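Survey of secondary and tertiary structure
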Amino acid sequence: MGVQWFPGHMHATVKALRERLKAIDVVIELLDARAPGSSANPLLAELIGARPVLKLLNKDDLADPQRTAQWLAHYEAQPNTRALAWRASTPGAAHRLVPLCRQLAPHRGGMVKPLRVLVAGIPNVGKSTLINALVGRRAAKAADEPGVTRQEQRFVLADDVYLVDTPGLLWPKILAPESGDCLAALGSVGRNAYDEEAVALALLSWLQCDYPQAVLDRYRLGIDVAALAAMPTEALLAAIGRRRGALLPGGRIDSHKAAEVVLGDFRGGALGRITLETPQRFAAWMQAAQAAEAERQAARAARRRPRSESPPAAPPPDTTA
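Residues numbered from 1 in each chain as written. Predicted model: local features only at pLDDT ≥ 70, side-chain atom pairs only at ≥ 80, totals over all residues. Heavy atoms only, no water.

1. Description of the overall build of the protein chain
- In terms of regular secondary structure, the protein chain is built from 12 helices and six strands.
- Looking at the protein chain as a whole, 48% of its 321 residues qualify as buried.
- Sequence separation of at least 24 residues holds for 71% of the intrachain contacts in the protein chain that already meet a minimum separation of 6.
- Accessible surface computed for the protein chain: about 16,100 Å², of which carbon and sulfur atoms make up 53%. (Helix = DSSP H or I, 4+ residues; strand = E, 2+ residues; numbered from the N terminus. Buried < 20%, exposed > 50% of the residue type's maximum accessible area, 1.4 Å probe, protein only. Contact = heavy atoms within 4.5 Å. Areas by Shrake-Rupley, 256 points an atom, 1.4 Å probe, with all protein chains shown as cover.)

2. A word on the pattern of salt bridges
- The final tally for this structure, using the stated rule, is 13 salt bridges.
- A salt bridge links Asp-25 to Arg-108; its shortest N-O distance comes to 3.3 Å. Of this pair, Asp-25 sits in the loop between helix 1 (9-20) and strand 1 (26-32) while Arg-108 sits in the loop between helix 4 (97-104) and strand 4 (115-121), and the two are 83 residues apart along the sequence.
- A salt bridge links Arg-34 to Asp-32; its shortest N-O distance comes to 2.9 Å. Here Arg-34 matches Asp-32 in class, with each residue buried.
- Sharing partners across several salt bridges, the network here consists of Asp-25, Arg-108 and Arg-116. (Salt bridge = Lys/Arg side-chain N within 4 Å of Asp/Glu carboxyl O.)

3. Here's the deal with the sheet that holds strand 2 (residues 53-58)
- Reading across the sheet, the six strands line up as 3-2-1-4-6-5 and stay open at both edges, with mixed pairing between neighbours. A strand with exactly one partner marks an edge of an open sheet, and here the two such strands are strand 3 (81-86) and strand 5 (153-158). Within the sheet, the average angular offset between the axes of one strand and its neighbour, ignoring direction, is 25°.
- Taken together, the six bridges between strand 1 and strand 2 define a ladder with parallel strand orientation. Paired with Leu-30 across the two strands is Leu-56, which belongs to strand 2. (Pairing = 2+ DSSP bridges. Axes fitted to C-alpha atoms, helices over the stretch in contact; angles between N-to-C directions.)

4. Focus on the packing of helix 3 (residues 65-76) against helix 12 (residues 279-304)
- Contact pair helix 3 / helix 12: the axes reach a minimum separation of 9 Å and the direction vectors enclose 65°. By the angle between their directions, the pair helix 3 and helix 12 is classed as roughly perpendicular. Residue-level inspection shows Arg-67, Gln-70, Trp-71 and His-74 of helix 3 in contact with helix 12, the latter providing Pro-279, Gln-280, Arg-281 and Phe-282.
- Among the residues forming the contact of helix 3 with helix 12, the class breakdown is three nonpolar, three polar and two charged. (Parallel < 35°, antiparallel > 145°, perpendicular 65-115°, else oblique. Nonpolar A, V, L, I, M, F, W, Y, C, P; charged D, E, K, R; others polar.)

5. A few points about helix 11 (residues 255-268)
- End to end, helix 11 covers 20 Å across 14 residues, agreeing with the expected 20 Å (1.5 Å per residue, within 8%).
- Residues of helix 11 that are buried include every one of Ala-258, Ala-259, Val-261, Val-262, Leu-263, Asp-265 and Phe-266, and no others.
- Among the structural elements, helix 6 (177-186), helix 7 (196-210), helix 8 (212-219) and helix 10 (233-243) are those in contact with the buried residues of helix 11.
- One or two residues past the end of helix 11 sits Gly-269, with phi positive at roughly 85°. (Expected span 1.5 Å × (residues − 1).)

6. Here's the deal with the packing of aromatic side chains
- For the structure on display, the rule yields three aromatic pairs.
- Ring-pair connections join several aromatic residues into one group, and the members of that group are Trp-71, Tyr-75 and Phe-282.
- Over the face of the ring belonging to Phe-266 we find Arg-34, whose NZ or CZ atom lies 5.4 Å from the ring centre. (Phe/Tyr/Trp six-rings, centres within 6.5 Å; stacked < 30°, edge-to-face > 60°. Lys NZ or Arg CZ within 6 Å of the ring centre and 35° of its normal.)

7. Re the nonpolar core
- Of all hydrophobic cores here, the largest spans 74 residues; its most connected members are Ile-28, Leu-56 and Leu-130.
- It is helix 7 that contributes the most residues to this core, seven residues altogether.
- When sequence neighbours within four positions are dropped, the list of residues in contact with Leu-130 reads Ile-28, Leu-30, Leu-56, Trp-86, Leu-97 and Val-119. (Core = buried A, V, L, I, M, F, W, Y, C linked by side-chain atoms within 4.5 Å.)

8. What to know about the side chain of Thr-275
- Among the secondary structure elements, Thr-275 is positioned in the loop between helix 11 and helix 12.
- With a relative accessible area of 0%, Thr-275 lands in the buried category.
- Contacts of Thr-275, omitting those with residues within four sequence positions, involve Ala-33, Arg-34, Pro-36, Ala-63, Asp-64, Arg-67, Trp-71 and Tyr-211.

9. Some details on the environment of Thr-129
- Tracing the chain through its elements places Thr-129 in helix 5 (residues 127-135).
- Given the relative accessible area of 34%, Thr-129 is considered partly exposed.
- For the pair Thr-129 and Ser-89, spaced 40 residues apart in the sequence, the C-alpha separation amounts to 9.7 Å.

Okay, structure coming up:
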């Protein structure tokens, strides 16, 4: 089963966000630079509509710089959109954001028409850390766990600029299973929404393909890149577990513990700067997922069709000749 997580409070969040956006000029959408496509909420895009958007690829110090550049170019080519690689630890980084928002909404400003900015993004993407950097104090709760912010918060950034934070928003159904694995690998969904071993296997398959040297450097498995590429992911997870002492009585591999090791190393940056998707790869995932969803919907509609609406049976063969 794929990763799915849409807690009950999300329904209230969607309703509140839809209403709040009526009075918003610019949306700052925080994305995780390690999976920008998967961490971009399609429901949020629908709610935003044609409003200007500043897309921040957060945690870019953990992401592959070359792939980050690809994603920035991808977003900059979209209308009413600016994109920026961002990390909270860079001195003065937060001060660059307000001028960019002013550029996106030049008709707003001054005490009569203050600039109204909303920060949005999926859970655990770093919204609270961004707000704390903008406001210059610990104004919002920040934690390495999805779902910390549950209520809307408002902050004054300047005399004519105010900012609204909203709870992290996921969407009702994650169409592409690969995106679900990405979100789970990032830690952006609740731990009860996915199987850690399955997600670790998906992550390892990407690493084998795109970052084999990072795996070899981290775990020192005593093999070369060619051998790593040929190794089944289950065997690779077992080798990592053995190397890291994830063992059960009798010397058996503790696959769950090994999965926790891999996911923890990825999330903490111990494997290096890694990005799980490119714009082209993400587009292919979504195209395949949408085609599969269309087939499911067609099959469901066919099952619900009344018998009277069934296509007429073919006439019997003519036997008079």
